[in-house]
Amino acid sequence: MKRKYFGTDGIRGQSNVFPMTPDLAMRVGIAVGTIFRNGAHRHRVVIGKDTRLSGYMLENALVAGFTAAGLDVFLLGPIPTPGVAMLTRSLRADVGVMISASHNPFEDNGIKLFGPDGYKLSDEIEAQIEDLLDKDMSAQLAKSQEIGRAKRVEGDIYRYIEHAKRTLPRDVTLQGLRIAIDCANGAAYKVAPLALWELGADVVTIGDEPNGVNINLDCGSTHPAALSRKVHEVRADIGIALDGDADRVLIVDENGTVIDGDQLMAVIGNSWAEDGVLKGNGIVATVMSNLGLERYLNGRGLDLHRTKVGDRYVVEHMRQHGFNVGGEQSGHLVLSDFGTTGDGLVAALQILACVKRQGKTVSEVCHRFDPVPQVLKNVRVSAGMPLENAAVRQAIADAESELAKNGRLLIRPSGTEPLIRVMAEGDDRGQVERIVDELISVIGGVRNVA
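Residues numbered from 1 in each chain as written. Predicted model: local features only at pLDDT ≥ 70, side-chain atom pairs only at ≥ 80, totals over all residues. Heavy atoms only, no water.

K.L.:
Is there a simple way to think about the sheet that holds strand β7 (residues 150–152) in this case?
P.N.:
Sheet strands associate in pairs through backbone hydrogen bonding, adopting either a parallel or an antiparallel arrangement. Strand order in this open sheet of 7 strands is β1-β2-β6-β5-β3-β4-β7, and the pairing throughout is mixed. Both edges of this open sheet fall to β1 (6–7) and β7, since each of them pairs with a single strand only. Sheet topology places strand β3 (residues 44–49) next to strand β4 (residues 72–78); 6 bridges connect them, and they run parallel. Opposite V45, over in β4, you have V73 as the bridge partner. Against the sheet, helix α1 (residues 22–36) touches β2 (10–14), β5 (95–99) and β6 (108–114), its axis set at about 5° to β6. (Pairing = 2+ DSSP bridges. Helix = DSSP H or I, 4+ residues; strand = E, 2+ residues; numbered from the N terminus. Contact = heavy atoms within 4.5 Å. Axes fitted to C-alpha atoms, helices over the stretch in contact; angles between N-to-C directions.)

K.L.:
Help me understand unusual backbone geometry in this model?
P.N.:
What is expected of a backbone is that most residues other than glycine have negative phi and most peptide bonds are trans. The omega torsion across F18 and P19 is 10°, close enough to zero to call that bond cis. Tracing the sequence through the fold places P19 in the loop between β2 and α1. Within the chain, N16 stands out as a residue other than glycine whose phi angle is a positive 70°. Positionally, N16 belongs in the loop between β2 and α1.

K.L.:
How should the packing of aromatic side chains be read in this particular structure?
P.N.:
Evaluated as defined, the whole model comprises 3 aromatic pairs. For the ring pair Y5 and F18, a centre distance of 5.8 Å and an interplane angle of 65° mean the geometry is edge-to-face. Separated by 13 residues along the polypeptide, Y5 in the segment before β1 and F18 in the loop between β2 and α1 bring together distant segments of the chain. A relative accessible area of 6% means that Y5 is categorised as buried. What makes F18 exposed here is its relative accessible area of 53%. A cation sits over an aromatic face here: K308 above Y313, 4.4 Å from the ring centre. (Phe/Tyr/Trp six-rings, centres within 6.5 Å; stacked < 30°, edge-to-face > 60°. Buried < 20%, exposed > 50% of the residue type's maximum accessible area, 1.4 Å probe, protein only. Lys NZ or Arg CZ within 6 Å of the ring centre and 35° of its normal.)

K.L.:
Quick question: what am I supposed to make of the pairing of β6 here?
P.N.:
Across the 7 residues of β6, 7 count as buried, placing the element largely inside the fold. Neither face of β6 is exposed, since D108, G110, K112 and F114 on one face and N109, I111 and L113 on the opposite face are all buried. When β5 meets β6, the two strands line up antiparallel, connected through 4 bridges. Bridging from a neighbouring strand, V97 pairs with L113 of β6.

Listed below in structure tokens is the structure:
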């Protein structure tokens, strides 16, 4: 069933434009409250947010919806997405909500939902919510004496700080390290620098002055150049770049070079394998992760399992098959020994542990493989289903055959835009670029064919 509201990561859109309006946010509160209002106990929901201006608007609308449905609301204020997931479980809440559009610009916002176990909701539950949103829910409202209460509990962010600190191995201290961290003017602007400082590091912070409109603006994991400059300026040992809701991380080495999620998964996966704590004899990543990562792991007797794009699908595969390390090239790293969703701060602490234990520079520790040349281009689709065209299918088959021994081809429709994404990777960059351009030309030539 085609979904009207939910995308790959909750509901997301431009603030004050359908569907990201206060009216829909209130209806989400009523619908979600109705579904999770089970049993005779007093029901509760925790709500966190990042630093977007529209967060105030959506937060109050959600409070209206949840309290109207009879749930008590605990408002956490600005806190990373993994903090909401952790506190949903810690506070024995029935549901958790994060108001954030992650790495998107401030104009956008979103609603991410977590079940009582701290995991993002299943497709089935999201379908139930969708079914309610366009219906009359007046019969689902709580009786006058059963309307919920709301209160701010900003001090609970320190629970998340302590949780993150405990993930650093006990034999490791960050003393002697100068760490530059870019908080993207987002949700982690308080918690991340404080956690690193309490663990002993000399911390230099940028992107820690949110004003409602500067989240992810020329900073954070989507724009790491600012952090690279700061690492050079203060001669830091390492740079940590978070995104707006701190569920993803990229690392900058002492030379200012950006290290992506594939390299970080290689570091953590190999380290955990050597320590005997890696589960599943491998890691889980998406179809976008570089072939170089797969070859690196295979060379060490480890496997790479791929899922479709989206950290929720990585988590689902990890849960179903018993893995404890997974993630995305973009920097979503999921370490299920410590949490239920991507956590930029916790992942960074695992990298710091490897750096400290090995006594080497970050560039030595984190450069595990040379990425295979990878080319990604998009072709806009105005109508029809070009991937079902016979000429397109033949061109794809020919490309797959040509790359079979030394590369990989991935063609997929975008989940958020009317685009078809064509990605190829292989040892010969010229060959890869030619194959992608040829496929773009063929697909573009038939894109309006029904």
